[in-house]
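Working through the structure, step by step
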Amino acid sequence: MQPNIPETGLPRVIIVGGGFGGINLAKQLKNAPLQVVLLDRNNYHLFQPLLYQVSTAGLEPDSIAFPLRGIFGKQQNFHFRMAEVKGVRTAEQILETGIGDLHYDYLVIATGSNTNFFGNKLVEENAIGMKSLIEAVQIRNYVIKQFEESLLISDKTAIKAKLTFAVVGAGPTGVEMAGAISELRKHILPHDYPELPADCMDIYLIEAGPRILPAFSESSSNKALEGLQKLNIKVLLNTAVKDYDGQTLLLGNGEQIATHSLIWAAGVRGMAINGLPKESVLPNGRIIVNEFCQVQGFTNIFAIGDIGYMTNDQRYPRGYPMVAQVAIQQGKLVAANLKRSLRQQPMQGFVYKDLGSLATIGRNKAVAEIGKMKWSGRFAWFIWMVVHLMSLLGFRNKMVVFINWFYRYFTFDRGTRIIIKRGAANIVKLRQSVLEEQVIK
C-alpha cells in the first residue's frame, strides 16, 4: 500500500491530525507555494464540544462530524490520506504510516489529546471516556440500555445501582455531561419508563479540586454549582477517585458509591508520535515547544493545540489550556510563519488571545465569561448556543443542530433514544473500540 501523493517539487508540509489546529493550518496555506498533506485516522473533523449531546441522545453523530475532503475540496495544493501514523525518523525526515513512508520538509503534529486515567488501570478498564465519536455513541447505547435492563429488575437497590451515574471531573465537559444526564432523568425517564421510580436515579459530579469549572472565576463557578444543585445533581468537591471495579466506586475519603456507570472527564493526555526525543516529550504525552510552536530541538517540526506544551506566557506558567481556540490560533500562526520562512523573513512568536469561556449546565442555565464581562442564566445559555452553532462546520450541520435544539426546547424530547449495537454495556469492548479509533496509538 502506498500513499500515492505526487511529487510536485514544492516543499511538503505534513499535518498529522484533522482537529481544530490541523484544519485551520491547512486552510491558511491554501495559496502558499507548498504541498499540504493532511493525515488522520478518520476521514472527518469532529466537533468535540458537542460530543456530550451525542452521548445523551440529543444529537445524531453525523451532525457534529464533517468530512475532511469537503472542507478542502477546492484547495489545489491539498492532499488528504486516511492513515495511522506509526512514528517518525527525524534524521531522514520520514514519517512512518500504515500506508507507507512519507518524506516531509515540514511536519506539524496536531494529534490532540486522549483520556488520561492517571495510571489507574482498574478505572481505565471499567470507566468510560468521552473523546471520540465511537465513545459518544457507545455511551448513548449504554445509558439507554441501562434504562431498558432496569425494567427487568425487581430489587430497588439493584435498580438504583444501575441507574446511578457518576461523572468524574468538573471542567466544562463534566459539568455539561452531568447536566445533560439530569435532563434525561427529568424529561425522558418518566415519559419512556414510567414503571421505574424516579428516585432510583442519582447523578454524581465528583471533583478532586475545591470548586467546579476551575478555569472560570470563582463567582461563575459558584453560580454553576447552584445551577447543578437545583438539578438535584450531587456535587462532591475535594474528593478523589481511588478505584472502580465496574460495580462500586471507591472514593479517596473511604466513601463508596454503588454504580454501574462511571464517566471519566477528569483529565487528558497528549498523543505524541514515536521517534521524537524523550527529552522533548513530557510524561503526560505533551510535546515541549518554543514560542514558534517548534518542537524542542527542531526547526522543521511543529506541535500545535493540545499536544503542544508552551510556557513562554506568564499568564499560563503550566502551558496554555487544552481548548479549541489555542489550537485554532496556533494553526494560523504556524501557517503564517511557514510563509515567512519561504520569504526568508523572521518568524513571529505566539500570543494567545483569550476569547472567553463558556459552559452550559442545562436548559436556560449556563455561565459565560468574555473579557471582564460575566453572565449566567438564560443570556449566557443563548451566547453558548450561538457560539457553538456558528463554530460548526458546514451549513447542513448548522441547520440540523439548530432544528434539533429548537425542537427539543419546546417539546423536551430527545429523538435518538435508540440502541444501535447490542452488547454496548461491555466496557472492555468499548475501550478496545476507542483505542482502534485513535489517530495515534
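Placed above this text is the structure.
What counts and what doesn't
- Residues numbered from 1 in each chain as written.
- Predicted model: local features only at pLDDT ≥ 70, side-chain atom pairs only at ≥ 80, totals over all residues.
- Heavy atoms only, no water.
- Axes fitted to C-alpha atoms, helices over the stretch in contact; angles between N-to-C directions.
- Helix = DSSP H or I, 4+ residues; strand = E, 2+ residues; numbered from the N terminus.
- Parallel < 35°, antiparallel > 145°, perpendicular 65-115°, else oblique.
- Contact = heavy atoms within 4.5 Å.
- Nonpolar A, V, L, I, M, F, W, Y, C, P; charged D, E, K, R; others polar.
- Polar contact = N/O pair within 3.5 Å; in protein donor to acceptor, adjacent residues only side chain to side chain.
- Buried < 20%, exposed > 50% of the residue type's maximum accessible area, 1.4 Å probe, protein only.
- Pairing = 2+ DSSP bridges.
- Right-handed = clockwise from strand over helix to strand, strands pointing away.

Some details on the packing of helix α10 (residues 378–391) against helix α11 (residues 395–411)
- Between α10 and α11, whose axes approach to 9 Å, the crossing angle comes to 155 degrees. On the basis of the axis angle, α10 is roughly antiparallel to α11. Residues Arg378, Trp381, Trp384, Met385, His388, Leu389 and Met390 of α10 touch α11, and the partners they reach there are Lys398, Val401, Phe402, Trp405 and Tyr409.
- Of the residues in the contact of α10 with α11, the class split is nine nonpolar, one polar and two charged.

Comments concerning the side chain of Thr111
- Along the chain, Thr111 turns up in the loop between β9 (106–109) and β10 (113–115).
- From its side chain, Thr111 meets the backbone oxygen of Met271 in a polar contact 2.6 Å long.

Re the pairing of strand β2 (residues 35–40)
- Across the six residues that make up β2, a large majority, six, are buried.
- Of the two faces of β2, both are covered, the one formed by Gln35, Val37 and Leu39 as well as the one formed by Val36, Leu38 and Asp40.
- With five bridges connecting them, strand β1 (residues 12–16) and β2 associate as parallel partners. For Ile15, the partnering residue across the bridge sits in β2 and is Leu38.
- In this fold, the crossover linking β1 to β2 by way of helix α1 (residues 20–28) has right-handed handedness.
- Sheet analysis places β2 next to strand β5 (residues 78–82), joined by five bridges and oriented parallel. Note on β5: the bridge partner recorded for Asp40 is Met82.

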